[in-house]
Amino acid sequence: MPSADVVVIGAGLAGLTAAIAAADSGAHVVVLAKGHAATHWGPGGIDVAGIPAASTPRDGIRLLAGEPGHPYAFLGDDVAAALDWLRPLLAAGGVDYVGDLDTPLQPVPTSIGGTRR
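Quick caveat: nothing in here was measured; it's all calculated off a predicted structure. Once a new chain begins, its residue numbering starts again from 1 and follows that chain's sequence as written. Given that this is a predicted model, residues contribute local features only at a pLDDT of at least 70 and side-chain atom pairs are listed and counted only at 80 or more, while totals for whole chains, interfaces and linings are drawn from all residues. Values shown for side chains rest on all heavy atoms present in the structure; no hydrogens or waters enter the calculation.

### A word on the overall build of the chain
Stage number 1. Note on conventions: DSSP H or I runs of at least 4 residues are helices, E runs of at least 2 residues are strands, and numbering of each starts at the N terminus. A count of helices and strands for the chain gives 5 helices and 4 strands.
Stage number 2. Along the chain, from the amino end to the carboxyl end, the secondary structure elements read β-α-β-α-α-α-α-β-β.
Stage number 3. Across its three principal directions, the C-alpha atoms of the chain cover 50 × 35 × 25 Å.
Stage number 4. Accessibility here uses a 1.4 Å probe with only protein chains present; expressed as a share of the type maximum, an area under 20% marks a residue as buried, one over 50% as exposed, and anything in between as partly exposed. Across the 117 residues that make up the chain, the buried fraction comes to 21%.
Stage number 5. Summed over its atoms, the accessible surface of the chain is roughly 8000 Å², and 61% of this surface lies on carbon and sulfur atoms.
Stage number 6. Put simply, the chain has 6 plus and 11 minus side-chain charges, and the middle of one group is 8 Å from the middle of the other. The accessible surface values rely on the Shrake-Rupley method and a 1.4 Å probe; as for residues, cover is taken only from the protein chains in view. Within this scheme the basic residues Lys and Arg register as positive and the acidic residues Asp and Glu register as negative, but His and the chain ends are omitted. Note on charges: their place is set at NZ of Lys, CZ of Arg, CG of Asp or CD of Glu.

Below, the structure is given as structure tokens:
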């Protein structure tokens, strides 16, 4: 019978990131998913607080962290470290992450033909 230390349900960005972090800590990880995950349909960008009222992702995190109960109210201080962790993983796979929390937000195309900040 197969066994695992950690089972991650879902192969979207959050699930895959959780699986990588668990595996990096030495856990035997199994990822279970059904259908196409969000990463299949995504434009290749990582949305970090790209809200209309913000000029940069850092500004968006600050604004959203001020909303009671918003995840950035709890995790906003961890976003920079998470991106620092992710950047070399992407580079090892031949993907260059462009921008940082202080890069001005700009519209980028989505997979369905619209734009998103």
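### Concerning the pattern of salt bridges
Two side chains that carry opposite charge are able to pair once their charged atoms sit near each other.
Stage number 1. When a carboxyl oxygen of Asp or Glu lies within 4 Å of a side-chain nitrogen of Lys or Arg, that pair is called a salt bridge. The tally for this structure, following the rule as stated, stands at 2 salt bridges.
Stage number 2. Ionic pairing is found between Asp-102 and Arg-58, a salt bridge with its closest N-O pair at 2.7 Å. Of the two residues, Asp-102 sits in the loop between helix 5 (79-92) and strand 3 (108-109) while Arg-58 sits in helix 3 (residues 57-65), which places them 44 residues apart along the sequence.
Stage number 3. Looking at Arg-58, the relative accessible area reads 42%, which means it is partly exposed.
Stage number 4. With a closest N to O distance of 2.5 Å, Asp-59 and Arg-62 form a salt bridge.

### Let's talk about the nonpolar core
Stage number 1. Residue types Ala, Val, Leu, Ile, Met, Phe, Trp, Tyr and Cys, when buried and joined through side-chain atoms within 4.5 Å, form a set referred to as a nonpolar core. Core analysis: the largest hydrophobic core is formed by 8 residues, namely Val-48, Ala-49, Ile-61, Leu-64, Tyr-72, Val-79, Leu-83 and Leu-101.
Stage number 2. When residues of this core are traced back to their parent elements, those giving at least two are helix 3 and helix 5.

### So, unusual backbone geometry
Stage number 1. Positioned with a positive phi, Ala-49 is a non-glycine residue whose angle comes to about 55°.
Stage number 2. Along the chain, the position of Ala-49 falls in the loop between helix 2 (38-41) and helix 3.
Stage number 3. Note on Ala-49: relative accessible area 5%, which makes it buried.

### A closer look at helix 5
Stage number 1. Given a rise of 1.5 Å per residue, 14 residues ought to cover 20 Å, and the 20 Å separating the end C-alpha atoms of helix 5 matches this to within 8%.
Stage number 2. Among the residues making up helix 5, those that are buried are Val-79, Leu-83 and Leu-86.
Stage number 3. Working rule for contacts: check all heavy atoms of both residues, and any pair within 4.5 Å makes them a contact. Contacts from the buried residues of helix 5 go to helix 3 and helix 4 (71-75).
Stage number 4. Gly-94 lies just past helix 5 and shows a positive phi near 85°. Helices are assigned an expected span. That span is 1.5 Å times one less than the residue count.

### Focus on the environment of Val-98
Stage number 1. Structurally, the position occupied by Val-98 is in the loop between helix 5 and strand 3.
Stage number 2. The sequence separation of Val-98 and Arg-87 amounts to 11 residues, and the corresponding C-alpha distance is 9.2 Å.

So far we have only geometry, and geometry alone does not tell us how the molecule works.
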